[in-house]
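The residues making up each chain are set out below.
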Amino acid sequence: MNSDLELSAIQLLRGDLRRLDNGRGALLQCLTGTLWLTQQDDPRDIVLEAGEEAVIDHDGTSIVSALSDASFVLSREPAALGVLRHARTAQAAH
């Protein structure tokens, strides 16, 4: 395991937006709160609660909006994806 790997959480207050350009293939994991994800040319609205994740699977612009104060991690690195999933599993055990 790479102990130097650090993923910074992005904090959003309720109603804040974060624009993600060309995010296809990235994993978005909701750490706290509730997020709404919408992707360009995708009719779905994806709502994520703490501990849930979604892969951005469309080209173009995606918008992440906080339905409540929230935080999330966005990663493209395969090693980081494994760390996120491991952290979620370990957290659920407590």
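Right, let's walk through the structure included here. (Residues numbered from 1 in each chain as written. Predicted model: local features only at pLDDT ≥ 70, side-chain atom pairs only at ≥ 80, totals over all residues. Heavy atoms only, no water.)

**Brief notes about the sheet that holds strand β6 (residues 53-55)**
Hydrogen bonds between backbone atoms are what pair the strands of a sheet, whose relative direction is either parallel or antiparallel.
Part 1: Read from one edge of the open sheet, four strands run β1-β8-β3-β6, paired in antiparallel fashion. One side of each edge strand has no neighbouring strand; the edge strands of this open sheet are β1 (10-12) and β6. Taking each pair of neighbouring strands and ignoring which way they run, the sheet shows an average axis angle of 25°. (Pairing = 2+ DSSP bridges. Helix = DSSP H or I, 4+ residues; strand = E, 2+ residues; numbered from the N terminus. Axes fitted to C-alpha atoms, helices over the stretch in contact; angles between N-to-C directions.)

**Quick notes on the side chain of Thr61**
Part 1: If you trace the backbone, Thr61 turns up in strand β7 (residues 61-66).
Part 2: What makes Thr61 buried here is its relative accessible area of 19%. (Buried < 20%, exposed > 50% of the residue type's maximum accessible area, 1.4 Å probe, protein only.)

**Observations regarding the pairing of β7**
Part 1: With five of six residues buried, β7 is to be regarded as a mostly interior element.
Part 2: Where strand β4 (residues 34-39) and β7 come together, five bridges link them in antiparallel fashion. Bridged to Trp36 within β7 is Ser65.

Limitation: the analysis is restricted to geometry and does not speak to function.
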